[in-house]
Amino acid sequence: MPSEPLSQKEIEDRLRELPGWAFEDDRIFRTYRVGTHFAASALVAHIASVQDELNHHSDLTLGYNTVRLSVNSHDAGDVVTVSDFALAERVEALAPAHGAS
């Protein structure tokens, strides 16, 4: 069963707990900067592993030394839900291990 969409206020309140994250076009997103392309690739692989574990997948964009994560809940009609924030929180926890800022 899909999660319920969050209200604009709920999204804003939750974003206060996730510095660097923003909301636009019914998605939450963040770009991480790392030291090298290899580190960016490793971060993508780590995020992909977490996404598989949660069975919740985002759009990931790999740049030279950046990783952009953009997420919403497809099963809820392409809106932001608690599942998106659960993924964002997990990514925030693992990103420092890759030197991400």
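For the structure, check the block above.
To keep things clear, this report deals only with the structure shown in the data block.

How each quantity is defined
Residues numbered from 1 in each chain as written. Predicted model: local features only at pLDDT ≥ 70, side-chain atom pairs only at ≥ 80, totals over all residues. Heavy atoms only, no water. Helix = DSSP H or I, 4+ residues; strand = E, 2+ residues; numbered from the N terminus. Buried < 20%, exposed > 50% of the residue type's maximum accessible area, 1.4 Å probe, protein only. Polar contact = N/O pair within 3.5 Å; in protein donor to acceptor, adjacent residues only side chain to side chain. Patch = residues over 30% accessible without salt bridge, like charges linked within 9 Å, V, L, I, M, F, W, Y side chains within 5 Å. Areas by Shrake-Rupley, 256 points an atom, 1.4 Å probe, with all protein chains shown as cover. Salt bridge = Lys/Arg side-chain N within 4 Å of Asp/Glu carboxyl O. Lys, Arg positive; Asp, Glu negative; His and termini not counted. Charge placed at Lys NZ, Arg CZ, Asp CG, Glu CD. Expected span 1.5 Å × (residues − 1). Arc of directions from axis to C-beta.

### Here we look at the environment of Arg-33
- Within the secondary structure layout, Arg-33 lies in strand 2 (residues 27–33).
- Judged by relative accessible area, Arg-33 falls into the partly exposed class, the value being 48%.
- Taking the C-alpha atoms as reference, Arg-33 lies 23 Å from Glu-12; in sequence the two are 21 residues apart.
- Reaching out from Arg-33, the side chain makes a polar contact with the side chain of Asn-65 at a distance of 3.3 Å.

### A few points about a negative patch on the surface
- A contiguous patch of negative charge, built from Glu-24, Asp-25, Asp-26 and Asp-78, is present on the exposed surface.
- Mapping Glu-24 onto the fold places it in strand 1 (residues 22–24).
- With a relative accessible area of 48%, Glu-24 lands in the partly exposed category.

### Thoughts on helix 2 (residues 37–54)
- With 18 residues, helix 2 ought to run about 26 Å at 1.5 Å a step, and its terminal C-alpha atoms sit 26 Å apart, in line with that.
- Inspection of helix 2 places Ala-39, Ala-40, Leu-43, Val-44, Ile-47, Val-50 and Gln-51 among the buried residues, and these make up the whole buried set. The arc that holds the buried residues of helix 2, viewed along the axis, is 140°, so those residues lie on one side. Turned more than 90 degrees away from the buried face of helix 2, the exposed residues are Phe-38, Asp-52 and Glu-53.

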